[in-house]
Amino acid sequence: MNLNKRNPLINVRGMTDNPELAARLLKQVVRGMQDNGLAACAKHFPGDGLDWRDQHIVTTVNSLGKEDWYKLSGKVFGELIDDGVYSVMAGHISLPSMQNETFANGMKLPATLSHELISGLLKSEMGFKGVVVTDALGMGGFNGWYDTRQKSEIESFKAGCDMMLWPTKDYVKNMTEAVENGYISMERLDDAVS
């Protein structure tokens, strides 16, 4: 949703600030792609376009209150999910109005690392059954939350992200170890695979 003219990304990429129009147009784009052999991706969950900062550099914030989120970003994502979009990209964006957990620094985690937002809101509440893919993992909005990027990748998977965009070269080895030592449950692995 193009809600902040100072947003450095969505102000040149967003369709509109009207959720009804956005949902109607985007459903047609998704259908056009998926009817022709592509797997469309709705992005960036929980909704970009409000912060004036860039998640390539820092974690950004969707500052909508709960009620407004359901009317704006939530409405568009919900309609795309109901219409069968194959994948959703989790953004390096927090949604404080929908998050109770705080990180060690007192801040809210970005969606790419938030179990509340991915497994809770997106998958459970909104009923999304497709593939959750992360935004690029080399971005500043993802890095710095945990000691290493490798740890962040495992935490992202544990939070509910199914596919990593540009993980480190040791990702498969690290994931294998996390599954074998029980840090990642077989249930979570099966969810991602299916």
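Placed above this text is the structure.
The rules we used
Residues numbered from 1 in each chain as written. Predicted model: local features only at pLDDT ≥ 70, side-chain atom pairs only at ≥ 80, totals over all residues. Heavy atoms only, no water. 1 Å grid on protein atoms, 1.4 Å probe; cavity = no way out; pocket = protein on both sides within 12 Å on 5 of 7 lines; lining within 4 Å. Points joined across faces, edges and corners; volume = space filled by probe spheres on them. Helix = DSSP H or I, 4+ residues; strand = E, 2+ residues; numbered from the N terminus. Nonpolar A, V, L, I, M, F, W, Y, C, P; charged D, E, K, R; others polar. Polar contact = N/O pair within 3.5 Å; in protein donor to acceptor, adjacent residues only side chain to side chain. Contact = heavy atoms within 4.5 Å. Buried < 20%, exposed > 50% of the residue type's maximum accessible area, 1.4 Å probe, protein only. Pairing = 2+ DSSP bridges. Right-handed = clockwise from strand over helix to strand, strands pointing away. Axes fitted to C-alpha atoms, helices over the stretch in contact; angles between N-to-C directions. Parallel < 35°, antiparallel > 145°, perpendicular 65-115°, else oblique. Left-handed = near helix turned anticlockwise from the far one by under 90°.

1. Overview of the layout of surface pockets
Here the largest pocket defines a volume of roughly 590 Å³. If you trace the largest pocket, you find 24 residues lining it, with R13, L26, A42, K43 and H44 closest to the centre. Broken down by secondary-structure element, the contributors of at least two residues to the lining of the largest pocket are α1 (19-34), β1 (41-45) and α3 (73-82). Element by element, the count of residues in the lining of the largest pocket is highest for α1, at five residues. Across the lining of the largest pocket, the residue classes tally to 15 nonpolar, six polar and three charged. By volume, the second largest pocket amounts to about 220 Å³. K123, K129, D191, A192 and S194 are the residues nearest the centre of the second largest pocket, which is lined by 15 residues in total. Considering each element in turn, the lining of the second largest pocket owes the most residues, five residues, to helix α7 (residues 186-193). Its residues placed into classes, the lining of the second largest pocket shows four nonpolar, five polar and six charged.

2. Observations concerning the side chain of H92
As for its placement among the helices and strands, H92 is situated in the loop between β3 (87-90) and β4 (93-94). Only 2.8 Å separates the side chain of H92 from the backbone oxygen of A136, close enough to count as a polar contact. If we ignore the near neighbours within four places in the chain, the residues touching H92 are Q55, T59, T60, P110, T112, D135, A136, M139, G141 and F142.

3. With respect to the pairing of strand β5 (residues 131-136)
With five of its six residues buried, β5 lies for the most part within the structure. One ladder, built from four bridges, connects β3 with β5; its direction is parallel. For M89, the partnering residue across the bridge sits in β5 and is V133. Pairing of β5 with strand β6 (residues 163-165), which is carried by two bridges, proceeds in the parallel orientation. Along β6, the bridge assignment pairs V133 with M163. Crossover β5 to β6 through helix α5 (residues 149-159) is right-handed.

4. A short note on the packing of α5 against helix α6 (residues 171-180)
Relative orientation of the contacting elements α5 and α6 amounts to 60 degrees, with a least axis distance of 10 Å. Judged by the angle between their axes, α5 and α6 are oblique. Read as a crossing pair, α5 and α6 show a hand that is right-handed. Only Y171, N174, M175 and A178 of α6 make contact with α5, whose side of the interface consists of Q150, E153, I154 and F157. For the contact of α5 with α6, the per-class residue count stands at five nonpolar, two polar and one charged.

5. Notes on unusual backbone geometry
A cis geometry characterises the amide bond from K43 onward to H44, with omega recorded as 0 degrees. Within the element layout of this structure, H44 appears in strand β1. Cis geometry is found at the peptide bond from F45 to P46, where omega equals 15 degrees. In this structure, P46 sits in the loop between β1 and β2 (60-61).

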